[in-house]
Amino acid sequence: MFGALFASAPSHAEDGGAWQSVKKAGVLRCGAAVAPPYVIKDPKTGEYSGAFSELCRNFGQNVLKVKVVFVDTTWDNIVAGLQSDKWDLALALNDTPERRKAISFSTAVTDYNVTFTYNKKNSKLPKSISSISDIDKPNFSVAVMSGTAQDKAISGALKQANIMRLPGNDETRLALMSKRADLLADDNSTNMLLAEAHHDWVSTFQPMPHLAQQSICLGIQKDTPATDVKVLDDYIKQQIKSGEVDRMIKTSVQAVLAQSK
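Treat the numbers as computed from the prediction; the structure is a model and nothing was measured. (Residues numbered from 1 in each chain as written. Predicted model: local features only at pLDDT ≥ 70, side-chain atom pairs only at ≥ 80, totals over all residues. Heavy atoms only, no water.)

Chemist: How should the overall build of the protein chain be read in this particular structure?
Modeler: Summing up its helical and strand segments, the protein chain has 11 helices and 12 strands in all. For the protein chain, the C-alpha radius of gyration of 19 Å lies close to 18 Å, the compact-globule estimate for 261 residues. Counting across all 261 residues of the protein chain, residues that qualify as buried make up 51%. If you take every contact in the protein chain between residues at least 6 apart in sequence, the share linking residues at least 24 apart comes to 71%. Counting only carbon and sulfur atoms, one obtains 52% of the accessible surface of the protein chain, whose full area is about 12600 Å². Across the protein chain, the 30 positively charged side chains and the 28 negatively charged ones have centroids separated by 3 Å. (Helix = DSSP H or I, 4+ residues; strand = E, 2+ residues; numbered from the N terminus. Rg over C-alpha atoms; globule rule 2.2 N^0.38 Å. Buried < 20%, exposed > 50% of the residue type's maximum accessible area, 1.4 Å probe, protein only. Contact = heavy atoms within 4.5 Å. Areas by Shrake-Rupley, 256 points an atom, 1.4 Å probe, with all protein chains shown as cover. Lys, Arg positive; Asp, Glu negative; His and termini not counted. Charge placed at Lys NZ, Arg CZ, Asp CG, Glu CD.)

What follows is the structure, encoded as structure tokens:
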């Protein structure tokens, strides 16, 4: 694993810069591992949508003025593929110390932390939830998507509650809706809009301090020149300031929620 993670790759410092190379090739390659609502792939058409997909597409088309292609990958391979120059940007990566050993990151596109949604009509739960200890009980079940950052986060935080690990977003929401699970652990953006879509019965508990607080960014190759990083960061900051990032995230989450109904 570590051999692949730290494999050698062509140096952007040697070829005049990342974006100069992209412009010369005429194509910006976006490495994409599915992660709704940020990276969504239509199983019928193969088309990519989602906030980070749109961000990468718009950066390539509007800033670099090149064609944009999405390269399918998995979460196990997305970092190694970026490092070995299989794609130019990696979508929706949590900025972690371990990953920073191998790659670099853009400025934060959005924040990530883990929250819990629950049915406020569930008589098993306390009327007021103010701490992890309020939900960390042997008779409570918490649904989470297996293998995700939120799975890792709650596995360390919950010592007594039953963690119900399920394969996808649809399964975790169904578990909450069908009352097989008492709570659903997910990222803050997804849970916020789940609560908006079902305000009649969904409440949200956000632990303080924030659980697993991280930045979600675009991954870039380790040797990307500072001038190129600034071009990308300036673009992201402008998109955040204009409200475009917030709009894309909300649109993406609403699309995911609509599909799961």
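Picking up where we left off.
Chemist: Is there a simple way to explain the nonpolar core in this structure?
Modeler: The nonpolar side chains of soluble globular proteins are, as a tendency, buried together. Judged by nonpolar contacts, the single largest core of 64 residues is most densely connected at Trp19, Leu28, Phe52, Leu89, Phe116 and Ile154. Top element by residues in this core is helix α3 (residues 51-64). It accounts for 6 residues. (Core = buried A, V, L, I, M, F, W, Y, C linked by side-chain atoms within 4.5 Å.)

Chemist: Help me out: how do you make sense of helix α8 (residues 169-177) in this one?
Modeler: Residue pairs spaced three or four apart in an α-helix point in one direction, given the helix's 3.6 residues per turn. Of the residues making up α8, those classed as buried are Asn169, Thr172, Arg173, Ala175 and Leu176. Projected onto a plane normal to the axis of α8, the buried residues spread over an arc of 155° and lie on a single side. The first or second residue beyond α8 is lysine 179, which carries a positive phi of 70°. (Arc of directions from axis to C-beta.)

Chemist: Sorry, what's going on with the pairing of strand β7 (residues 110-119) here?
Modeler: Sheet faces and side chains relate simply in a regular strand, where the side chains alternate between the two faces. Summarising burial for β7: 9 of the 10 residues are buried, a large majority. Note: β7 against strand β12 (residues 211-220), 4 bridges, orientation antiparallel. Note that in β12 the partner of valine 114 across the bridge is leucine 211. With 5 bridges connecting them, β7 and strand β10 (residues 183-187) associate as antiparallel partners. Considered in β10, the bridge of valine 114 is made with aspartate 187. Relative to strand β11 (residues 202-205), β7 is paired through 4 bridges, and the arrangement is antiparallel. Across the sheet, the residue bridging to tyrosine 118 is serine 203, located in β11. (Pairing = 2+ DSSP bridges.)

Chemist: How should the packing of aromatic side chains be read in this particular structure?
Modeler: Geometrically, a pair of aromatic rings is defined through the distance of the ring centres and the angle of the planes. Inspection of the entire model under this criterion finds 5 aromatic pairs. Ring geometry for phenylalanine 59 and tyrosine 235: centres 5.4 Å apart, planes at 45°, overall tilted. With phenylalanine 59 in helix α3 and tyrosine 235 in helix α10 (residues 226-241), this residue pair connects regions lying 176 residues apart in the sequence. Using a relative accessible area of 1% as the deciding quantity, one classes phenylalanine 59 as buried. Residue tyrosine 235 is classed as buried on the basis of its relative accessible area of 10%. Taken together, Trp19, Phe59 and Tyr235 form an aromatic cluster joined through their ring pairs. (Phe/Tyr/Trp six-rings, centres within 6.5 Å; stacked < 30°, edge-to-face > 60°.)

Chemist: I would appreciate a short explanation of the environment of aspartate 234 in the present structure.
Modeler: Along the polypeptide, aspartate 234 turns up in helix α10. Along the backbone, aspartate 234 and threonine 117 are 117 residues apart, and their C-alpha atoms lie at a distance of 34 Å.

Chemist: Teacher, can you tell me more about helix α2 (residues 18-25) here?
Modeler: Buried within α2 are the following residues: Ala18, Trp19 and Val22. Each buried residue of α2 lies within a common arc of 90° when the element is viewed along its axis, so the set occupies one face. Along α2, the residues that are exposed and aim more than 90 degrees away from the buried face are Gln20 and Lys24. Lining the buried residues of α2 we find β1 (27-32), α3, β5 (89-94) and α10.

Chemist: Explain the state of the cysteines to me, please; I cannot follow it from the model alone.
Modeler: Structurally, a disulfide amounts to a covalent bond that connects the sulfur atoms of two cysteines. Within this structure, the stated rule accounts for 1 disulfide. Left unpaired, cysteine 217 is separated from the closest cysteine sulfur, that of cysteine 56, by 14 Å. (Disulfide = S-S within 2.5 Å.)

Purely spatial values, then, with no claim about function.
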